[in-house]
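Single-letter residue listing:
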Amino acid sequence: MDWNNKPRNSLRRSMLMVVAAMCMVACSVSYKFNGASIDYTKTKTIQIADFPIRASYVWGPMGPLFNNELKDIFASHTKLTQVRRNGDLKIEGEITQYSQRNKSVSSEGYSAQVELSMTVNVRFTNNVKHSEDFEKQFTATATYESTQSLNAVQEELVTQMVKDITEQIFNATVANW
C-alpha cells in the first residue's frame, strides 16, 4: 500500500460518494398527492354530496364507506373547506353498479376466480371554471378465489375498490391527472 496516496484515495472515495448521492437524488421520482393544481386564491370551498346506491345488488356498508372516503381524501389532501351548498367545486353522483362475475375457469371446468366490480357515476361542477365540468363513470375491480365466500372477503375488497375510485375522482377533479 502506498501511504503517500492515502489522502488522495480518501478524497476520491469521498468525491465518488458525493457524486453517487447526487445521482440518486437527481434520479429519484417524487409524487406528492396534494392537489397542487388548485388555485386557492380563487377556489376555496368544495361541496360533496352523499352518493346514493342505485345498483341492483347492494352491500349495506358500501354507501357510507364510499361517502366517508371521498370526503376524507379531499379533507386530507387539499386546503378546501367542505360546505353543504354553494361550493366553488361540487361533486355529486351515485353508485350505479356493484356486481360479481366469474373471471377464470379451472381445468375441471369450475370457476376459479371471481371478479367484483363497482362503478360510480360522478357529476363535477367547477363554479370558478365551468370548462372543467364533467359527468363521468369511474370503475374499480377486485378479484378473489372462488374457494372463498363473498361474505369473507367483501369488506376488504370493497374498501380497496372505494379507495381506488375515490383516488380516480380526486385526480380527475382537482389533480388534473
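Residues numbered from 1 in each chain as written. Predicted model: local features only at pLDDT ≥ 70, side-chain atom pairs only at ≥ 80, totals over all residues. Heavy atoms only, no water.

## Some details on the overall build of the protein
1) Next: Each helix and strand in the protein was counted, giving 3 helices and 5 strands.
2) Next: Helices and strands in the protein line up, N terminus first, as α-β-α-β-β-β-β-α.
3) Next: In the protein, buried positions account for 32% of the 177 residues.
4) Next: Counting contacts in the protein only where the partners sit at least 6 residues apart, residues at least 24 apart contribute 69% of the total. (Helix = DSSP H or I, 4+ residues; strand = E, 2+ residues; numbered from the N terminus. Buried < 20%, exposed > 50% of the residue type's maximum accessible area, 1.4 Å probe, protein only. Contact = heavy atoms within 4.5 Å.)

## Section: unusual backbone geometry
1) Next: Look at Asn86: it is not a glycine, yet its phi comes out positive at around 60°.
2) Next: With respect to the helices and strands, Asn86 occurs in the loop between β2 (81-82) and β3 (89-105).
3) Next: Classification of Asn86 as exposed rests on a relative accessible area of 69%.

## A word on the packing of aromatic side chains
1) Next: Scanning all chains against the criterion turns up 5 aromatic pairs.
2) Next: Through a chain of ring-to-ring contacts, three or more aromatic side chains come together here, namely Phe124, Phe134 and Phe138.
3) Next: Lys79 extends its terminal NZ or CZ atom over the ring of Tyr40, reaching a point 4.7 Å from the ring centre. (Phe/Tyr/Trp six-rings, centres within 6.5 Å; stacked < 30°, edge-to-face > 60°. Lys NZ or Arg CZ within 6 Å of the ring centre and 35° of its normal.)

## Here's the deal with the packing of helix α2 (residues 62-77) against helix α3 (residues 150-175)
1) Next: In the contact formed by α2 and α3, the axes pass within 9 Å of each other and the chain directions differ by 45°. Accordingly, the angle class assigned to the pair α2 and α3 is oblique. You can see that α2 and α3 cross each other, and the crossing is right-handed. Contacts between α2 and α3 pair Met62, Leu65, Phe66, Glu69, Leu70, Ile73, Phe74 and His77 from the former with Val158, Thr159, Val162, Ile165, Thr166, Glu167, Ile169, Phe170, Thr173 and Val174 from the latter. (Axes fitted to C-alpha atoms, helices over the stretch in contact; angles between N-to-C directions. Parallel < 35°, antiparallel > 145°, perpendicular 65-115°, else oblique. Left-handed = near helix turned anticlockwise from the far one by under 90°.)

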